Amino acid sequence: MCGIIGYLGYRDAYPILINGLKKLEYRGYDSSGIAVFYENGYTLYKSKGKVNELKKKISSIQIKGTTGIGHTRWATHGGPDDVNAHPHVSNSNELILIHNGIIENYHAIKIILLKNGFTFKSKTDTEVLVNLIEFIKKKNKLSLEEAVRISLNEIVGAYSIAIVEKYHPERIVIAKLGSPLALGINEREFFIASDPIPFLDYTKNVIYLKDGEMAILRKGEELDLRKIVDNHKLSPIIQELQINLKEIEKGEYKYFMLKEIYEQPKTILDTLRGRLTDGLIWINGVESNKNIFINAKCITIVACGSSWNAGLIGEYLLEELARIPVEVEYASEFRYRNPILEKKDTIVIVISQSGETADTLSALKLAKKKGVFVFGICNVVGSSIARNVDAGAYTHAGPEIGVASTKAFTAQIAVLVLLALKIGKYRLSLTEYRYNHLCQEFGLIPEKVNRTLEMIENDIEKIAKAYYNVNNFLYLGRGINFPVALEGALKLKEISYIHAEGYPAAEMKHGPIALIDENMPVVIIATKKGCYEKIIGNIQEIKARKGKIISIVNEGDVQVSMLSDYVIKIPNISEELSPLLTVIPLQLLAYQIAFIRGENVDQPRNLAKSVTVE
Ligand code: M6R
């Protein structure tokens, strides 16, 4: 979490920093700050709250300088206030640092620094780091870069940092371990950011720093890239970004989340492009590891949040179509419980939109350490997870900016369907007829998602108006639509702050049924093929307790519709593919409810888009 930004060149740094921070707010938005440097001095402002608060604070002030750094924070050590906001300044006022990540051994270092006369204003680990660098620099009379390098070798934890010395604004030192750091390069200027989007207006040439690398940026000079451990000089690899600027603008939509919901017909098509053609499925990362997939005896899927819910859908798909046993694990649990992984027979699949989720990344590293083949499903190209897997498939959903995942989730499901069909075909675990039929229906999905959006719009609005004020929601589904119920509940919770639970419909009897009364709306996914008769039984049980039924049914449905208070109709589709349609009304319902409640849909409280702390 946290977003960092920096500029060194010939333009005014302030507008680049403040606009860049707005684009990085998805990474954290409880406080922000900037420092802009001029000869022998700097201007530093910090503010609690969103970047707009900082902007307001600075609005009447002229900030001049062509070197600067900035930070938008998601609090870990110390509350979200002006003092704990970044940049942090060393005791002598000479070193100014921004940091994304966590210094795990900061407490031990702080004690040493306190004994050496250092004092601290904030509760952050970052203030400890900037003073450690100062301590080492002064004690050993080192250059800034050498002091940074030696200090970082003492650090346990994760970081991407940028540091400037008050009397040398012509230089910024940056370094990375575990947290993302992109460096944009143009003639006579450098841009630093947690992802390249803030500098896309200026350059498409980017270097992604690797873990354990640092760089010294000097005005008018070539980039100096080094290894932190031994100062070994490295040759930078410059990549050209392929992002279209339109993808990161809201356009006519009020919120990114709404835009992203409506983009899904296109994003699913993009996920399928070149991979599903005339009944043939082609996924490079699977093709080149064919034997591993044919011989696998089990698959473990590891992820967090919505990606975990997608993983659970993957379990149903892979077991049903490829007949391989699948376990789905929360990355945060998996990484700490010494999982049993049979090197020869197991595949670990990691799923992550951002490709930076700390727990998922650590789980991936653990699996690799145990010698297991790791396949990644990621959205962000070049992200840490994408770079570390043995093979993988990008979801191609384009930049997802709303904190609540929508289009990345459906793109993940689309990849999992492709994977299950492909492996099923390899292993001859599904009939030719079933394979062809599913491929054919799969090709129709983008159009059906489009139709779903058209069909549900009015109904969702009515339902949102009826229930935006309740305190609880229940989401029920069976089989492959149980994870969709989980996803619906997660969406509602995170953006509207209404308590919501997802359950397998029949499991309701074992506890949650106690919650049902006339104030409890229950969203039930009741598509034709998914244990339809059983679901009708579950609905009767809810009605008997006066619960309100909001059902998601297929076109032409009669029975469930008659029993429901509100009905949302979606096109018919095979059960295996149904999550790609059933989740759409749940996303839109969560959006509409949060919108009516006046919440900031794209930036829900306490959350960040990419969770880079464990
Ligand atoms: O980037 P990742 O897919 O690894 O992120 C995992 C979760 O943090 C993420 O899905 C989170 O739950 C979303 N806010 C859900 O909308």
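Caption draft 1: Main features of the site of the ligand. Taken together, 14 residues sit near the ligand, with Ser307, Ser352, Ser354, Thr357 and Glu494 positioned nearest. Between an oxygen atom of the ligand and a side-chain N or O atom of Ser352, the distance comes to 2.6 Å. Interatomic distance of 2.4 Å between a side-chain N/O atom of Thr357 and an oxygen atom of the ligand. Within the complex, 91% of the 410 Å² of free accessible area of the ligand lies under protein. Here the element with the most residues in the shell around the ligand is helix α10 (residues 305-322); it accounts for three residues. Per-class residue counts for the shell around the ligand are four nonpolar, eight polar and two charged.

Caption draft 2: Here's a closer look at the sheet that holds strand β26 (residues 548-554). Spatially, β24-β23-β25-β26-β27 is the arrangement adopted by the five strands of the open sheet, whose pairing is parallel. At either margin of the open sheet sits one strand with a lone partner, and together these are β24 (499-504) and β27 (566-570). Geometrically, the sheet is characterised by an average inter-axis angle of 20° between neighbouring strands, direction not taken into account. By the bridge criterion, five bridges tie strand β25 (residues 521-525) to β26 in an arrangement that is parallel. Counterpart to Val523 in the pairing with β26 is Ile550. Running at roughly 160° to β27, helix α15 (residues 432-467) makes contact with β23 (472-477), β25, β26 and β27 of the sheet.

Caption draft 3: View of the domain arrangement of the protein. Domain boundaries assigned for the protein yield domain 1 (3-241), domain 2 (251-443) and domain 3 (454-603). In this complex, domain 2 contributes 33 residues to the contact, which on the side of domain 3 involves 29 residues. Summed over both partners, the interface of domain 2 with domain 3 comes to about 2,600 Å²; 69% of that surface belongs to carbon and sulfur atoms. Contact with domain 3 buries area across many residues of domain 2, yet Tyr255, Met257 and Tyr316 alone supply 22% of it, more than any other trio. Here domain 2 is connected to domain 3 by one salt bridge. Where domain 2 meets domain 3, there are 14 residue pairs in polar contact (both at pLDDT 80 or more). Put simply, the parts of the chain that give the side of domain 2 that touches domain 3 at least two residues each are α6 (256-262), α7 (264-272), α10, α14 (407-426) and α15. By residue number, the principal contributor to the side of domain 2 that touches domain 3 is α10, which donates nine residues.

Caption draft 4: Focus on the nonpolar core. Residues Ile349, Phe375, Leu421, Phe442, Phe473 and Tyr475 are the most contacted members of the largest nonpolar core, which totals 93 residues. When residues of this core are sorted by domain, at least three fall in each of domain 2 (251-443) and domain 3 (454-603). The contacts of Leu421, once residues within four sequence positions are left out, are Ile281, Leu321, Leu430, Tyr435, Leu438, Cys439 and Phe442. If you look at the next biggest cluster of nonpolar residues, it comprises 29 residues, including Tyr14, Tyr26, Leu200 and Phe256.

Caption draft 5: Fine view of the environment of Arg218. Among the secondary structure elements, Arg218 is positioned in strand β12 (residues 213-218). Here Arg218 falls in the partly exposed class, since its relative accessible area comes to 22%. For Arg218 and Leu152, which are 66 residues apart along the polypeptide, the C-alpha to C-alpha distance reads 20 Å.

Caption draft 6: The side chain of Asn554, seen in detail. Considering the arrangement of structural elements, one finds Asn554 in strand β26. Judged by relative accessible area, which is 3%, Asn554 ranks as buried. At a separation of 3.2 Å, a polar atom in the side chain of Asn554 contacts the main-chain carbonyl oxygen of Pro571.

Caption draft 7: Representation of the pairing of strand β13 (residues 224-227) in the model. The pairing of β12 with β13 spans four bridges and is antiparallel. Paired with Ile216 across the two strands is Asp224, which belongs to β13. Adjacent in sequence and paired antiparallel, β12 and β13 are bridged by five residues, among which Gly220 carries a positive phi angle near 75°. Note that β13 and strand β14 (residues 233-234) share two bridges and pair antiparallel. In the sheet register, Leu225 faces β14, and the bridge partner there is Leu234.

Caption draft 8: Just the packing of helix α16 (residues 482-496) against helix α19 (residues 579-596), in detail. In contact at an axis separation of 9 Å, α16 and α19 are set at 20° when each is read in the N-to-C sense. The angle between α16 and α19 places the two elements in the roughly parallel class. Here α16 and α19 pass one another in a crossing that is right-handed. Each of Val484, Glu487, Gly488, Lys491, Leu492, Ile495 and Ser496 in α16 lies in contact with α19, whose residues at this interface are Pro579, Thr582, Val583, Leu586, Ala590, Tyr591, Ile593 and Ala594. Residues that form the contact of α16 with α19 fall into these classes: ten nonpolar, three polar and two charged.

Definitions and cut-offs
In this numbering scheme, every chain counts its residues from 1 along its sequence in written order. Only residues with pLDDT of at least 70 get local features here, since the model is predicted, and only at 80 or more are side-chain atom pairs given and counted; chain-wide, interface and lining totals rely on the full set of residues. Side-chain measures here rest on the full set of heavy atoms in the structure, leaving out hydrogens and waters. For this purpose, a residue is taken to be near a molecule or strand whenever a single non-hydrogen atom of the residue falls within 4 Å of it. Pairs of N or O atoms are called polar contacts if they sit within 3.5 Å, as long as, within protein, a hydrogen donor faces a hydrogen acceptor (for residues adjacent in sequence, only side-chain-to-side-chain pairs). Accessibility throughout is a Shrake-Rupley quantity obtained with a 1.4 Å probe, and a residue counts as covered only by protein chains that appear here. Put simply, DSSP H or I for four residues or longer makes a helix, DSSP E for two residues or longer makes a strand, and each gets a number counted from the N terminus. All amino acids are sorted into three groups, where Ala, Val, Leu, Ile, Met, Phe, Trp, Tyr, Cys and Pro are nonpolar, Asp, Glu, Lys and Arg are charged, and the leftover types, Gly among them, are polar. One requirement defines pairing of two strands: DSSP has to find at least two bridges between them. Every axis corresponds to a line fitted to the C-alpha atoms, with the helix fit spanning only the stretch in contact, and the corresponding angles, defined between N-to-C directions, vary from 0 to 180 degrees. Only heavy atoms matter for contacts: two residues are in contact if any of them lie within 4.5 Å across the pair. Where a domain begins and ends is set by an automatic assignment or by a domain database. Computed with a 1.4 Å rolling probe, the buried area is the accessible surface lost when two parts are put together, summed over both parts. A pairing counts as a salt bridge when a side-chain nitrogen of Lys or Arg comes within 4 Å of a carboxyl oxygen of Asp or Glu. Put simply, a nonpolar core is a bunch of buried Ala, Val, Leu, Ile, Met, Phe, Trp, Tyr and Cys residues held in one set by side-chain atoms that sit within 4.5 Å of each other. Between buried and exposed lies partly exposed: a residue is buried under 20% and exposed over 50% of the maximum accessible area for its type, with that area taken using a 1.4 Å probe on protein chains only. Throughout this description, any angle smaller than 35 degrees is read as roughly parallel, any larger than 145 degrees as roughly antiparallel, any in the 65 to 115 degree range as roughly perpendicular, and the remainder as oblique. Note: crossing handedness is left-handed where the near helix turns anticlockwise from the far helix by less than a right angle, and right-handed where it turns clockwise.

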